[in-house]
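Structural characterization, general
Residues per chain, in single letters:
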Amino acid sequence: MKNLVLLTISLFSIAWAHAQEQPHDEVINREYQKISQHIAQQYRIPPELLKDTIDRIDYVVEFQVNRQGSIEEPKISRRSFDCKSCERELLRIIKTVPAVTGLSMDDERGKVRYALPVRIRFSN
């Protein structure tokens, strides 16, 4: 039986806030930690994958954080293995991330677009 060994998430943000100014790294890093912890704690291996011989799946999930801190428009932009149930589970979890702090520019919050690489590793 497979166990989830490690859910490795690294963040490359593609962030735009007003006129595409550079985001504040501190805010991005803090929000990254919040999002990555949520994914690592909530992801559940789909049952049909337990019988498969795959030991690693890589994804890139793109989404936008709106001005209120909610995640919008999540989608899988890249995948290393075609597993629809794995993708549904990942998107489900992304949609349930608690509100995050958006970027502020001149005391106004802006939208931020993220590209989040996610690596899921399994052991037998």
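Now for a look at the structure at hand. The structure displayed is predicted, hence computed values, not measured ones.

What counts, and where the lines are drawn
- Residues numbered from 1 in each chain as written.
- Predicted model: local features only at pLDDT ≥ 70, side-chain atom pairs only at ≥ 80, totals over all residues.
- Heavy atoms only, no water.
- Disulfide = S-S within 2.5 Å.
- Helix = DSSP H or I, 4+ residues; strand = E, 2+ residues; numbered from the N terminus.
- Buried < 20%, exposed > 50% of the residue type's maximum accessible area, 1.4 Å probe, protein only.
- Contact = heavy atoms within 4.5 Å.
- Salt bridge = Lys/Arg side-chain N within 4 Å of Asp/Glu carboxyl O.

So, on to the state of the cysteines. The final tally for this structure, using the stated rule, is one disulfide. Two residues share a disulfide in this structure: Cys-83 and Cys-86, whose sulfurs sit 2.3 Å from each other. In this structure, the disulfide formed by Cys-83 and Cys-86 twists by about 65° around the S-S bond and is classed as right-handed.

The topology assignment puts Ser-85 in helix H2 (residues 84-95). Classification of Ser-85 as buried rests on a relative accessible area of 11%. With sequence-adjacent residues up to four places away left out, Ser-85 is seen in contact with Pro-46 and Glu-48.

Glancing now at the pattern of salt bridges. Enumeration according to the criterion identifies six salt bridges in this entry. Ionic pairing is found between Asp-58 and Arg-56, a salt bridge with its closest N-O pair at 2.8 Å. Residue classification places Arg-56 among the partly exposed residues on the basis of a relative accessible area of 37%. Across the salt bridge formed by Glu-73 and Arg-113, the nearest N and O atoms sit 3.3 Å from each other. On the criterion of sequence distance, the pair formed by Glu-73 in strand S4 (residues 71-79) and Arg-113 in strand S7 (residues 112-123) is long-range, its members being 40 residues apart. With relative accessibility at 52%, the residue Glu-73 sits in the exposed group. Among the charged side chains, a salt-bridge network with shared partners connects Arg-56, Asp-58 and Arg-119.

By themselves, these are just geometric observations and shouldn't be taken as functional.
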